[in-house]
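Examination of the molecular architecture
Take a look at the letters that make up each chain.
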Amino acid sequence: MVKWFGRLSARGAGKPDISDDAATKAAYLDTHPDVKHADLEQMDAETREMYRDAREAAVDAREERAKARTREFVIRGPFQLGFTVTLGVLVALLFGGMIQQLTTIIMYVASALFVALSLDPVVRALQRRGLKRPIGIAVVFSGFVAVIAGLLALVIPMIANQITLLVRSAPWLVRDIMRQPWFEDLNERFGRFIDFDQLLAIGQDFVGDPENWAQVAGGVWQAGIGIANGLTAGLIVLILTLYFLASLRSMKRAFYSLVPRSGRAKVMDITEQVTKSVGGYVNGMVILAFINAVLGFVMMTIVDVPFAGLVAVGVFLLALIPLIGSVVATVLVTVVALFNDPTTAIIAAVYYLIYMQVESYLLTPRVMNRVVSVPGALVVIGALAGGTLLGLLGALVAIPVTAALLMIIKQVWVPRQELR
């Protein structure tokens, strides 16, 4: 590696002095300062042996490529080529249709895989303390299920009570707004442009009719079906998570074995870094969202924001969305607090503005920056694209997917560009 940096500094122009020899170029790509190799200590014995064998095969392949001559690509059968290309397009369209039909199953698999990757660092930490992996998986997965069950046992009754209270008190809340000083002042200033009284009357008629609530919920029968589907989906994800967690290493080795032996080392380098960053990212997002929801619940309880428990659950779910989740949660809390009085809404808004600064400059760097490092503009673009394609799950996976793409560009594409 010192030899390459010596050549870089000797040139002074920022480009390496590399000959046309294929082995020399491959060696430069392997020792480029942006390239990071997999951590052997994080691998099991079989994967470690596969990685070392792949590194040796890569060296042999460099020498063979250096001796081999470049072959020209000549089209001898244009009709055969056209038929092959057409057949490939038809197969691609068929494959795309199958993927569209299997969207739900793919989302189950993706969710379970992300949960498994987030639990795997905890299992490996227990292994380093001397616990065997099957026992560590049993401990971690049992703890995970116990935490989920405990949270549901605490949250579901509270949500059910507060939804019932919301349905009963909604007409009173709408009617009480008309007596608020801030509403009277707003109506006095802008009442000639907008009929606020008529708008509130329409809202009061809507929330006062039980049939409208049934329509909003989609009907009792459809709501029950939705709950049953949600529980079924959760159970499927939990079962898949256990399978993925137990066979994560064998799955990665099977994936590596599909790659040619000479190029397997680079794939293993990237894959190990991506899986590690995904696991850390998911853990970090859950920790940040939990802190946001708990501190927000304490604040809302102190300042007497209506339906604090229900709003805190919404804040937790929104905070999982990268970058824009905290902003949307702030708007939600402020609007709900406005039903109490404007002072409460101002206090809630100021609190969340301060909290977002603390989260951005204190909490997020400590929790996330060691895991993924993605520019803010790409975070926004990735979150919007992922949310458009796959909804909440797409927004959640947007950051690790973007980080993986940047990692591949930085460690594979950029070093090759510097050779030209």
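Report on the accompanying structure.

Scoring rules and cut-offs
Residues numbered from 1 in each chain as written. Predicted model: local features only at pLDDT ≥ 70, side-chain atom pairs only at ≥ 80, totals over all residues. Heavy atoms only, no water. Phe/Tyr/Trp six-rings, centres within 6.5 Å; stacked < 30°, edge-to-face > 60°. Helix = DSSP H or I, 4+ residues; strand = E, 2+ residues; numbered from the N terminus. Axes fitted to C-alpha atoms, helices over the stretch in contact; angles between N-to-C directions. Parallel < 35°, antiparallel > 145°, perpendicular 65-115°, else oblique. Contact = heavy atoms within 4.5 Å. Nonpolar A, V, L, I, M, F, W, Y, C, P; charged D, E, K, R; others polar. Salt bridge = Lys/Arg side-chain N within 4 Å of Asp/Glu carboxyl O. Buried < 20%, exposed > 50% of the residue type's maximum accessible area, 1.4 Å probe, protein only. Core = buried A, V, L, I, M, F, W, Y, C linked by side-chain atoms within 4.5 Å. Expected span 1.5 Å × (residues − 1). Patch = residues over 30% accessible without salt bridge, like charges linked within 9 Å, V, L, I, M, F, W, Y side chains within 5 Å. Areas by Shrake-Rupley, 256 points an atom, 1.4 Å probe, with all protein chains shown as cover. Polar contact = N/O pair within 3.5 Å; in protein donor to acceptor, adjacent residues only side chain to side chain.

With respect to the packing of aromatic side chains
Scanning all chains against the criterion turns up four aromatic pairs. Taking the centre distance of 6.0 Å and the plane angle of 55° together, the rings of Phe 255 and Tyr 256 count as tilted. Ring geometry for Tyr 352 versus Tyr 355: centroids 6.4 Å apart, planes at 80°, classification edge-to-face. With Tyr 352 and Tyr 355 both in helix 15 (residues 342-367) and three residues apart, the pair spans about one turn of that helix. Taken together, the ring pairs in this structure connect Tyr 351, Tyr 352 and Tyr 355 into an aromatic cluster.

Here we look at the packing of helix 5 (residues 103-128) against helix 12 (residues 264-303)
It is the contact of helix 5 with helix 12, at a shortest axis distance of 8 Å, that shows an interaxial angle of 90°. In terms of axis orientation, helix 5 runs roughly perpendicular to helix 12. Two secondary-structure elements touch here, helix 5 through Phe 114, Leu 117, Ser 118 and Pro 121 and helix 12 through Thr 275, Val 278, Gly 279, Val 282 and Asn 283. Of the residues assigned to the contact of helix 5 with helix 12, the class counts are five nonpolar, four polar and no charged.

A word on the pattern of salt bridges
Scanning the entire structure with this criterion turns up five salt bridges. Of the charged contacts in the structure, one is a salt bridge between Glu 46 and Arg 253, with a shortest N-O distance of 3.3 Å. Residue Glu 46 is found in helix 3 (residues 45-67), and its partner Arg 253 is found in helix 11 (residues 248-257); the two are separated by 207 residues along the sequence. Glu 46 sits in the exposed class, given a relative accessible area of 52%. Between Glu 272 and Lys 252 there is a salt bridge, and its shortest N-O distance comes to 3.3 Å. Of the two residues, Glu 272 sits in helix 12 while Lys 252 sits in helix 11, which places them 20 residues apart along the sequence. One salt-bridge network, in which partners are shared between bridges, spans Asp 120, Arg 124 and Arg 133.

A word on the nonpolar core
It is characteristic of soluble globular proteins that their nonpolar side chains tend to be buried jointly. Ranked by internal contacts, the top residues of the largest apolar core, which has 18 residues, are Met 299, Met 300, Val 305, Val 311, Val 315 and Val 333. Secondary-structure elements contributing two or more residues to this core are helix 12, helix 13 (308-319), helix 14 (325-337) and helix 15. Tallying contributions element by element places helix 13 first for this core, with five residues. Beyond its immediate sequence surroundings of up to four residues, Met 299 is in contact with Val 333, Ala 348, Tyr 351 and Tyr 352. Leu 117, Met 285, Val 379 and Leu 393 belong to the second largest nonpolar core, which has 15 residues in total.

Examining helix 13
Compared with the 16 Å implied by 1.5 Å per residue over 12 residues, the 16 Å span of helix 13 between its first and last C-alpha is a close match. The complete set of buried residues in helix 13 reads Ala 308, Gly 309, Val 311, Ala 312, Gly 314, Val 315, Leu 318 and Ala 319.

Observations concerning a nonpolar patch on the surface
Taken together, the side chains of Leu 81, Phe 83, Val 85, Leu 87, Val 89, Leu 90, Val 91 and Leu 93 present a nonpolar region at the surface, about 770 Å² in accessible area. Mapped onto the elements, Val 85 comes out in helix 4 (residues 78-101). Note on Val 85: relative accessible area 47%, which makes it partly exposed.

Side note on the side chain of Lys 252
Judged by relative accessible area, which is 17%, Lys 252 ranks as buried. When neighbours within four sequence positions are excluded, Lys 252 is seen to be in contact with Glu 272 and Thr 275.

A look at the side chain of Thr 275
By the element assignment, Thr 275 lies in helix 12. Within the local environment of Thr 275, its side chain forms a polar contact with the backbone oxygen of Glu 272, the two atoms lying 3.0 Å apart. Setting aside its immediate chain neighbours within four residues, Thr 275 contacts Leu 117 and Lys 252.

Concerning the environment of Asp 60
Within the element layout of this structure, Asp 60 appears in helix 3. Judged by its relative accessible area of 40%, Asp 60 falls in the partly exposed class. Residues Asp 60 and Ser 262 lie 202 residues apart in sequence; the distance between their C-alpha atoms is 7.8 Å.

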